[in-house]
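Chain residues, written in single-letter form:
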Amino acid sequence: MEITKKDIEHIANLSMLNLSEDEVDGYAKDMQEIIAFANQINEINTDGLEESAFALDSYNVFRKDEVRESFDRELLMQNAPSSNGVAYQIPPVIE
Amino acid sequence: MEYEVVIGLEVHAELSTKTKIYCGCTTEFGGDPNTHCCPICTGMPGALPVLNEKVVEYAVKAGLAVGAQINRNSKQDRKNYFYPDTPRAYQISQFDLPLCINGGFDITLKDGTTKRIGITRIHIEDDAGKLVHDTYTGGTLVDLNRAGVPLIEIVSEPDMRSAEEAVAYVEKLKGILEYIGVSDCKMQEGSLRADVNLSLRPVGQKEFGTRTESKNLNSFRAIEHMINFEIQRQKEILESGGKVIQETRRWDEATGEGYAMRSKEDADDYRYFPEPDLMPIKLSDDYINNIKENLPELPERRKARYIEELKLPEYDAGIITSSKALSDFFEEASKECGNPKAVSNWIMTDIIRIARENDIDYSDLPFSAKRFASLIKLIDSGSISNTIGKKVFEDMISENKEPEEIVKEKGLLQISDESAIKEVVDRVVAANPQSIVDYKAGKDRALGFLVGQCMKELKGKGNPQIINRLIMEYLK
Ligand SMILES: [Zn+2]
């Protein structure tokens, strides 16, 4: 599978990244190598194995529907670059 | 050219669990901004979600109630996109293995015909937060109290062909979800909302036309208006030789117009992948059968019972059972006054009317079933006439008082004293000899005139049966 410059530009756009021309070239090369490395996994014979999205043999990890105290708002707001103490502040969003 | 309308709906219903889908924060509506939040639902790095077991149970319940198959093996997936109401920059949803697939139910249309609408799938996902315009700074404020509230998304087949069908489908679906108690379905609060996919194609053409998706419709009225607007808009484009652009649209019910939202390029590239923080869901036959056996009486069953046992007309039974709140009201009032037929008649006329006029949910009627039953009892016992009953009904709403109290205060008790009525009848007949002649000459209207005159003298409170009988004695 070949990773083109167009693929990188598309992914950068989805990720909201502005990349320079040089960076696009560099990432295209890097990603090509990364995918080639990951593709080695395709060589493993999986005949007769059940399809699974997970490596662990774990399922139905549930929580009871019981209310727990929420977090201190002040602490939550400290993690944001900007807040008015009550809500996160972000640049205007226009639909 | 004649066009056929093709409509498919995605309905989002907030589940009425106590806590959010992946954390123990409360789902209670309202609350100060960002006070129902924790590191999990605000998307802090490293915070691990754990699935609320009630969410699975409620989604399976909904699936069984709409006749869907339940997937024994299911998983959750990441849907990646940037929007400030979604702090993780991805929504946790379900992609290829939703909990429920292949369901559907019949809707009944105004002309009495029924039509089956298919349901493609039901999956679980988390709701987003709320963006509020900040008048002080001109920026936007983010409130994450709703972020992480569990949703089911119910995706229909593109089986609907008109606004009427779409509204009937959502009404029925809402009723079912209310009956099984998995969502309070309050459309005004956004706990039930619909996305409408709509396209036109020339009649006879097999392929679908280009569709648009109008988001977040939160009233039946808005769904109806939006669909009719969009049909007209697309028709005009096609008829003038243009092409409909596939886009996401917003409906403004206040102005009665739809708008294209800023179309994001690559909007549909969500790069779904299995959510690594959440393990797969495996459901046993026992688990599913147990939920199935404990499903409450569904609208369809109730409707049949009303028709068979209470002899309600099919149309009326269908309307009343379409809302659980209305149906519960009907049952309670009927039990209280012992006259289901009268309660049903009042619901079909006055109660539906006042709910529509005031845009209120049947769970928020301005009087209790018990109070309403008292009104029926006053009429049935002959204490007031049906006509006076209608007046008392209006006062019951505007004055928020018991009907007995209103009747007493305003002196509305019906006059059934035969001698008192006879006195009036004698006087009216004596004053209108021509009416007797007219009636005997075949003019039936004369009877109505005489009854009306008597009623007028009795200030509307005379017992109509007695008045009628006494006048007839003169006319024989
Ligand atoms: Zn939380």
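Each chain carries its own residue numbering, running from 1 in the written order of its sequence. Numbering of ligands from 1 and lettering of chains from A proceed in the order in which they are written. With the structure being a predicted model, the display of local features is reserved for residues of pLDDT at least 70 and the display and counting of side-chain atom pairs for 80 or more, all residues being used for whole-chain, interface and lining totals. No hydrogens and no water enter the side-chain calculation; it runs on all heavy atoms of the structure.

Caption draft 1: Spatial organisation of the pairing of strand S8 (residues 114-126) of chain B. Residue and element names in this part refer to chain B. Criterion used throughout: strands pair if DSSP finds at least two bridges between them. Counting from the N terminus, the helices are the DSSP runs of H or I reaching at least four residues and the strands are the DSSP runs of E reaching at least two. Looking at chain direction, strand S7 (residues 100-108) and S8 are connected through eight bridges and run antiparallel. In the strand pairing of S8, glycine 103 is matched with isoleucine 119. Connecting the antiparallel pair S7 and S8 is a turn made up of five residues, with glycine 112 showing a positive phi of about 90 degrees. With seven bridges joining them, S8 and strand S11 (residues 150-156) adopt antiparallel strand pairing. Within the sheet, the bridge partner assigned to aspartate 126 lies in S11 and is proline 150.

Caption draft 2: Expanded view of the coordination of the zinc ion. Residue and element names in this part refer to chain B. Metal coordination here is assigned from N, O and S atoms located within 2.8 Å of the ion, or within 3.2 Å for Na, K and Ca; omission of water means that sites may look incomplete. Looking at the zinc ion, one finds its protein donor set to be Cys23 (SG), Cys25 (SG), Cys38 (SG) and Cys41 (SG), positioned 2.3 to 2.4 Å from the metal centre. For a four-donor site, all angles between 85 and 135 degrees give tetrahedral; for four or six donors, opposite pairs above 155 degrees with the remaining angles between 65 and 115 give square planar or octahedral; all remaining cases count as irregular. One can describe the site at the zinc ion as tetrahedral: its four donor atoms subtend angles covering 102 to 114 degrees at the metal. All donors of the zinc ion belong to a single chain; written as a sequence motif, their spacing is C-x1-C-x12-C-x2-C. With cysteine 25 in the loop between strand S1 (3-14) and strand S2 (51-52) and cysteine 41 in the loop between S1 and S2, the pair connects residues that are 16 residues apart, well separated along the chain. Burial here depends on accessible area, computed with a 1.4 Å probe over protein chains only, as a share of the maximum for the residue type. Under 20% is buried, over 50% is exposed, and the range in between is partly exposed. The exposure class of cysteine 25 is buried, given its relative accessible area of 1%. Residue cysteine 41 is classed as buried on the basis of its relative accessible area, which comes to 7%.

Caption draft 3: Structural detail: helix H15 (residues 464-475) of chain B. Residues and elements named next belong to chain B. What a helix is expected to span follows from its residue count: subtract one and scale by 1.5 Å. Between the first and last C-alpha of H15 there are 16 Å, a value that for twelve residues agrees with the 16 Å anticipated at 1.5 Å per step. Of the positions making up H15, those classed as buried are Ile466, Ile467, Leu470, Ile471 and Leu475. In this description, contact between two residues means that some pair of their heavy atoms is separated by no more than 4.5 Å. Looking at the buried residues of H15, the elements they touch are helix H12 (418-431), helix H13 (433-440) and helix H14 (445-457).

Caption draft 4: Region of the structure containing the sheet that holds strand S12 (residues 192-202) of chain B. Residues and elements named next belong to chain B. If you trace the nine strands from one edge of the open sheet to the other, you get S3-S7-S8-S11-S1-S12-S13-S14-S15, paired in mixed fashion. On the outer flanks of this sheet lie strand S3 (69-70) and strand S15 (257-260), each paired with one strand and no other. Whenever a helix is involved, its axis is fitted only over the stretch in contact; in every case the axis is a line through C-alpha atoms, and angles between N-to-C directions fall within 0 to 180 degrees. Lying over the sheet, helix H2 (residues 163-179) contacts S1, S7, S8, S11 and S12, oriented at roughly 115 degrees with respect to S7.

Caption draft 5: Up close: the environment of Ser214(B). Residue and element names in this part refer to chain B. With respect to the helices and strands, the residue serine 214 is situated in strand S13 (residues 212-217). Serine 214 gets classed as buried once you look at its relative accessible area, which sits at 2%. Between the C-alpha atom of serine 214 and that of glycine 242, which follows or precedes it by 28 residues, the distance is 20 Å. If we ignore the near neighbours within four places in the chain, the residues touching serine 214 are Ala194, Asp195, Val196, Met226 and Arg249.

Caption draft 6: Up close: the sheet that holds strand S10 (residues 140-143) of chain B. Here three strands make up an open sheet; going across it, the order is S2(A)-S10(B)-S9(B) and the pairing antiparallel. Two strands close off the open sheet at either side, each with one partner strand: strand S2 (88-90) of chain A together with strand S9 (130-133) of chain B. Within this sheet the neighbouring strands show an average axis-to-axis angle of 35 degrees, counted without direction. Bridge count for S2(A) against S10(B) is three bridges, and the pairing is antiparallel. From the neighbouring strand, Ile90(A) faces S10(B), where its bridge partner is Thr140(B).

Caption draft 7: Just the packing of helix H7 (residues 324-337) of chain B against helix H9 (residues 369-380) of chain B, in detail. All names here are of chain B. As a packed pair, H7 and H9 sit with axes 8 Å apart at the nearest point and diverge in direction by 45 degrees. Taken together, the axes of H7 and H9 are oblique relative to one another. In this structure, H7 meets H9 at a crossing whose hand is right-handed. Residue-level contacts link Phe329, Glu332, Ala333, Glu336 and Cys337 of H7 to Ala369, Lys370, Phe372, Ala373, Ile376 and Lys377 of H9. In this count, Pro and Cys sit with the nonpolar residues alongside Ala, Val, Leu, Ile, Met, Phe, Trp and Tyr, while Asp, Glu, Lys and Arg are called charged and the others, Gly among them, polar. Residue classes in the contact of H7 with H9 are distributed as seven nonpolar, no polar and four charged. The cut-offs work like this: below 35 degrees is roughly parallel, past 145 is roughly antiparallel, 65 to 115 is roughly perpendicular, and the gaps in between are oblique. Crossings are sorted by hand: turned counterclockwise from the far helix by less than a right angle, the near helix makes the crossing left-handed, and turned clockwise it makes it right-handed.

Caption draft 8: Representation of the interface of chain B and chain A in the model. Each side of the interface is counted separately: chain B has 53 residues, and chain A has 36 residues. Buried surface area refers to the total accessible area, computed with a probe of radius 1.4 Å, that the two partners give up upon joining, counted for both partners together. For the pair chain B and chain A, the two sides together bury roughly 3,900 Å², of which 60% comes from carbon and sulfur. Every case where a carboxyl oxygen of Asp or Glu lies within 4 Å of a side-chain nitrogen of Lys or Arg is listed as a salt bridge. Connecting chain B to chain A are one salt bridge. With a closest N to O distance of 3.2 Å, Glu53(B) and Lys64(A) form a salt bridge. Two N or O atoms count as a polar contact when they lie within 3.5 Å, although within protein this holds only if one can serve as hydrogen donor and the other as acceptor, and sequence-adjacent residues are included solely when both atoms are side-chain atoms. Scanning the region where chain B abuts chain A turns up 22 residue pairs in polar contact (both at pLDDT 80 or more). Counting only elements with at least two residues in the side of chain B that touches chain A, the list comes to S2, helix H1 (53-65), S10 and strand S17 (281-282) of chain B.

Caption draft 9: Layout of the nonpolar core. All names here are of chain B. Joining through side-chain atoms within 4.5 Å is the link that ties buried Ala, Val, Leu, Ile, Met, Phe, Trp, Tyr and Cys residues into a set, and such a set is a nonpolar core. Residues Ile152, Tyr169, Leu177 and Ile227 are the most contacted members of the largest nonpolar core, which totals 66 residues. Top element by residues in this core is H2. It accounts for nine residues. Residues Tyr306, Phe329, Ala355 and Leu378 belong to the second largest nonpolar core, which totals 35 residues.

Caption draft 10: Focus on the pattern of salt bridges. Residue and element names in this part refer to chain B. In this structure the tally under the stated criterion is 46 salt bridges over all chains. Linking lysine 54 and glutamate 57 is a salt bridge whose minimum nitrogen-to-oxygen distance equals 3.3 Å. With lysine 54 and glutamate 57 both in helix H1 and three residues apart, this pair spans about one turn of that helix. Relative accessible area serves as the criterion here: at 24%, glutamate 57 is assigned to the partly exposed category. The shortest N-O distance in the salt bridge between lysine 401 and glutamate 399 comes to 3.8 Å. It is possible to trace a salt-bridge network through shared partners that takes in Glu297, Arg302, Arg305, Lys324, Asp328 and Glu331.

Caption draft 11: Layout of the domain arrangement of chain B. Throughout the structure description, domain borders are defined by an automatic or database domain assignment. When its domains are assigned, chain B resolves into domain 1 (3-287), domain 2 (297-409) and domain 3 (418-475). One C-alpha centre belongs to domain 1 of chain B, the other to domain 3 of chain B, and the line joining them spans 62 Å.

Caption draft 12: Region of the structure containing H9(B). Residues and elements named next belong to chain B. End to end, H9 covers 16 Å across twelve residues, agreeing with the expected 16 Å (1.5 Å per residue, within 8%). Across the twelve residues that make up H9, a large majority, nine, are buried. Buried within H9 are the following residues: Ala369, Arg371, Phe372, Ala373, Ser374, Leu375, Ile376, Leu378 and Ile379. Glycine 382, located one to two residues past H9, shows a positive phi value of around 85 degrees.

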